[in-house]
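# Structure at a glance
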Amino acid sequence: MSMTRKLLAVAATGAVLLSLAACSSDSGSTGGGDAAEGGTECNVGISMPTRSLERWINDGEQLQKALKDADCTVDLQYADNKTDQQISQIQNQIAGGAKILVIAAIDGEVLAPVLEEAKKQDATVIAYDRLINGTENVDYYATFDNYKVGQLQGEFIADQLDLAGGAGPFNLEPFAGSPDDNNAKFFFSGAWDVLLPYVEKGQLVVPSGKAPKSNDEWASIGIQGWASDKAQSEMDNRLSSFYSGDQKVDVVLSPNDSLAIGIIASLRSAGYAPGEDYPIISGQDADKANVKAILDGEQSMTVWKDTRTLGERVFTMIESIVAGEEVEVNDEETYDNGEKVVPSFLLDPEVVVKDDVQSKLVDSGFVKAGDVGL
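Residues numbered from 1 in each chain as written. Predicted model: local features only at pLDDT ≥ 70, side-chain atom pairs only at ≥ 80, totals over all residues. Heavy atoms only, no water.

## So, the overall build of the chain
Secondary structure summary: the chain contains 11 helices and 12 strands in total. Taking all 374 residues of the chain together, the buried fraction comes to 54%. When contacts within the chain are restricted to residue pairs at least 6 apart in sequence, long-range pairs at least 24 apart make up 70% of them. Of the roughly 15,500 Å² that the chain leaves accessible, carbon and sulfur atoms contribute 45%. (Helix = DSSP H or I, 4+ residues; strand = E, 2+ residues; numbered from the N terminus. Buried < 20%, exposed > 50% of the residue type's maximum accessible area, 1.4 Å probe, protein only. Contact = heavy atoms within 4.5 Å. Areas by Shrake-Rupley, 256 points an atom, 1.4 Å probe, with all protein chains shown as cover.)

See the structure below:
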């Protein structure tokens, strides 16, 4: 049922009617309805971290379109990976009357004060893909199973190298995501729980020495801002400092596609080329450039999180909030933000390799064949 139809259905049960004021000719908004009895106004502020990563552009614009099509008032903002800018944008959305905030946090540790302002205005807060920490004023969390993302990467590497069969040793270089992104620790933990035992057995060797002894040390190899250029520089340093002669990298644990792009560029500069001895490289997000790299043999896999389904789930949450209905969640144990366990809805990620690109990504409409060289 569309949001508009659901609102009308709720309104029909009492004397409260759906307001058409937002659609009048003198309104400057993008449309929207007043609250139905027991619900809330469909005025939504969407705060995304940056336009520098393809996925955030897609996430924000797809959710914005769905909400506008449902006659909601929507304010979509991108914060250029600057926490002060994101806080200011959220403050403006609150001042502008947003009753629902959808926030993909740049730094999940710094938003408590602005969310206190949101709660004073009775706004409902949905953490989008990244958990917001240190505040009770987060109502829901929608994300993929982030531990499973890393687990899939680790299991892929273990399977490709036949580590369970005792093969090795292989040279591994592990990377982790941005230290200010709460998701990054889940990605790394999922992968490291698979791979660390093989490091301890000597089947995986880390020549650079950048092998955390536990999941808790993941940030020591984190790449700030998920920046491709920083990942490239780090890989350059490892190759020049710790690899000489015939010594080669066999596998790189990259937690996402933006880091993988930088790692691939570094390997290319060092003379690595696709072929039998080319390293296994993991990734996440199915960005177009990385899908092309997979087809070209420069990246081994990506963990695909169909962000359209995440947007659809958040849209469904907003439908329920607006209609005054219970919001569906499927996890009330995992995501403790230091102040509360945030009710969450977790979606399943899946592995994509070269043979899956057409069937999973192109046929589903996630990417266009021409955009990835097919």
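## Some details on the sheet that holds strand S8 (residues 251-253)
As a general point, the strands of a sheet are linked pairwise by backbone hydrogen bonds and lie either parallel or antiparallel. Taking strand neighbours across the sheet as the criterion, the four strands line up as S7-S6-S8-S9 in an open arrangement whose pairing is parallel. Two strands lie at the open edges of the sheet, namely strand S7 (204-205) and strand S9 (280-281), each paired on one side alone. Note that S8 and S9 share two bridges and pair parallel. The residue of S9 that forms the bridge with Val-252 is Ile-281. Seen against the sheet, helix H6 (residues 182-201) touches strand S6 (170-174), S7 and S8 and runs at an angle of roughly 145° to S8. (Pairing = 2+ DSSP bridges. Axes fitted to C-alpha atoms, helices over the stretch in contact; angles between N-to-C directions.)

## Thoughts on the confidence of the model for the chain
Residues of the chain with pLDDT of at least 70 account for 90%, and the chain-wide mean is 90. When the criterion is pLDDT under 50, residues 1-37 qualifies, and its contacts beyond four places in sequence or with other chains add up to 60 contacts. (pLDDT = per-residue confidence, 0-100.)

## Things to note about the packing of aromatic side chains
Tallied over the full model, the rule gives five aromatic pairs. Summarising the aromatic geometry, the rings of Trp-304 and Phe-366 are spaced 5.4 Å apart at their centres and angled 70° between planes, so their arrangement reads as edge-to-face. Here Trp-304 is found in strand S10 (residues 302-304), whereas its partner Phe-366 is found in the segment after helix H11 (357-362), with 62 residues between them in sequence. The burial state of Trp-304 is the same as that of Phe-366; both residues are buried. Through a chain of ring-to-ring contacts, the aromatic side chains of Tyr-141, Phe-186 and Tyr-335 assemble into a single cluster. (Phe/Tyr/Trp six-rings, centres within 6.5 Å; stacked < 30°, edge-to-face > 60°.)

## Let's talk about the packing of helix H2 (residues 54-69) against helix H10 (residues 307-323)
Following both chains from N to C, one finds H2 and H10 inclined at 40°, their axes separated by 9 Å at the closest point. For the pair H2 and H10, the sense of crossing is right-handed. Facing H2, whose interface residues are Arg-55, Asp-59, Gln-62, Leu-63, Ala-66 and Leu-67, H10 presents Thr-307, Arg-308, Leu-310, Gly-311, Val-314, Phe-315 and Ile-318. (Left-handed = near helix turned anticlockwise from the far one by under 90°.)

## Quick notes on the pairing of strand S5 (residues 140-144)
With five of five residues buried, S5 lies mostly within the body of the structure. By the alternation rule, side chains of S5 split into Tyr-140, Ala-142 and Phe-144 and Tyr-141 and Thr-143, which are all buried. Strand direction decides the pairing type here: strand S4 (residues 124-128) and S5, joined by three bridges, are parallel. Pairing of Ile-126 across the sheet is with Tyr-140, part of S5.

## Some remarks on the layout of surface pockets
Gaps between atoms show up when a probe of the same size as a water molecule is rolled over them. Estimates place the volume of the largest pocket at around 240 Å³. Surrounding the largest pocket, 15 residues form its lining, Glu-54, Asn-58, Gln-62, Phe-366 and Val-367 being those nearest its centre. It is H2 that provides the largest number of residues to the lining of the largest pocket, a total of four residues. A per-class count over the lining of the largest pocket returns three nonpolar, four polar and eight charged. The space that makes up the second largest pocket amounts to roughly 190 Å³. Lining the second largest pocket are 13 residues, with Phe-156, Gln-160, Gln-299, Ser-300 and Val-353 positioned closest to its centre. (1 Å grid on protein atoms, 1.4 Å probe; cavity = no way out; pocket = protein on both sides within 12 Å on 5 of 7 lines; lining within 4 Å. Points joined across faces, edges and corners; volume = space filled by probe spheres on them. Nonpolar A, V, L, I, M, F, W, Y, C, P; charged D, E, K, R; others polar.)

## Some words on H6
Across its 20 residues, H6 extends 29 Å between first and last C-alpha, which sits within 8% of the 28 Å expected from 1.5 Å per residue. The largest bend along H6 reaches roughly 45° and is located at Trp-192. With 15 of 20 residues buried, H6 is to be regarded as a mostly interior element. Where H6 begins, the capping side chain belongs to Asp-181, and its oxygen is found 2.9 Å from the backbone nitrogen of Asn-183. Downstream of H6 by a residue or two, Gly-202 has a phi angle that is positive, lying close to 90°. (Expected span 1.5 Å × (residues − 1). Bend = angle between axes of the 7 residues up to and from the residue. Polar contact = N/O pair within 3.5 Å; in protein donor to acceptor, adjacent residues only side chain to side chain.)

## Remarks on the sheet that holds strand S3 (residues 100-103)
The strand order across the open sheet formed by six strands is S2-S1-S3-S4-S5-S11, and the pairing between neighbours is parallel. Each end of this open sheet is capped by a strand with a single partner; those strands are strand S2 (73-78) and strand S11 (344-347). For this sheet, the mean inter-axis angle between neighbouring strands, taken without regard to orientation, is 15°. Across the sheet, H2 touches strand S1 (43-48), S2, S3 and S4, and the angle it forms with S2 is around 170°.

## A word on unusual backbone geometry
Peptide bonds are mostly trans, and most non-glycine residues show a negative phi. Residue Pro-169 is bonded to the preceding Gly-168 through a cis peptide linkage, with omega at 5°. One can find Pro-169 in the loop between helix H5 (146-161) and S6. Of note, Asp-122 is a non-glycine position whose phi angle comes to about 60°, a positive value. In this structure, Asp-122 sits in the loop between helix H4 (112-120) and S4. Notably, Asp-129 is not glycine yet its phi reads approximately 70°, a positive angle. Mapped onto the fold, Asp-129 is located in the loop between S4 and S5. On the accessibility criterion, Asp-129 (2% relative accessible area) is buried.

## Quick look at the packing of H5 against H6
Here H5 crosses H6 at 30°, and the two axes come no closer than 6 Å. By the angle between their directions, the pair H5 and H6 is classed as roughly parallel. For the pair H5 and H6, the sense of crossing is right-handed. On H6, the residues touching Asn-146, Tyr-147, Val-149, Gly-150, Gln-151, Gly-154, Glu-155, Ile-157 and Ala-158 of H5 are Asn-183, Phe-186, Phe-187, Ser-189, Gly-190, Ala-191, Asp-193, Val-194, Leu-195 and Tyr-198. (Parallel < 35°, antiparallel > 145°, perpendicular 65-115°, else oblique.)

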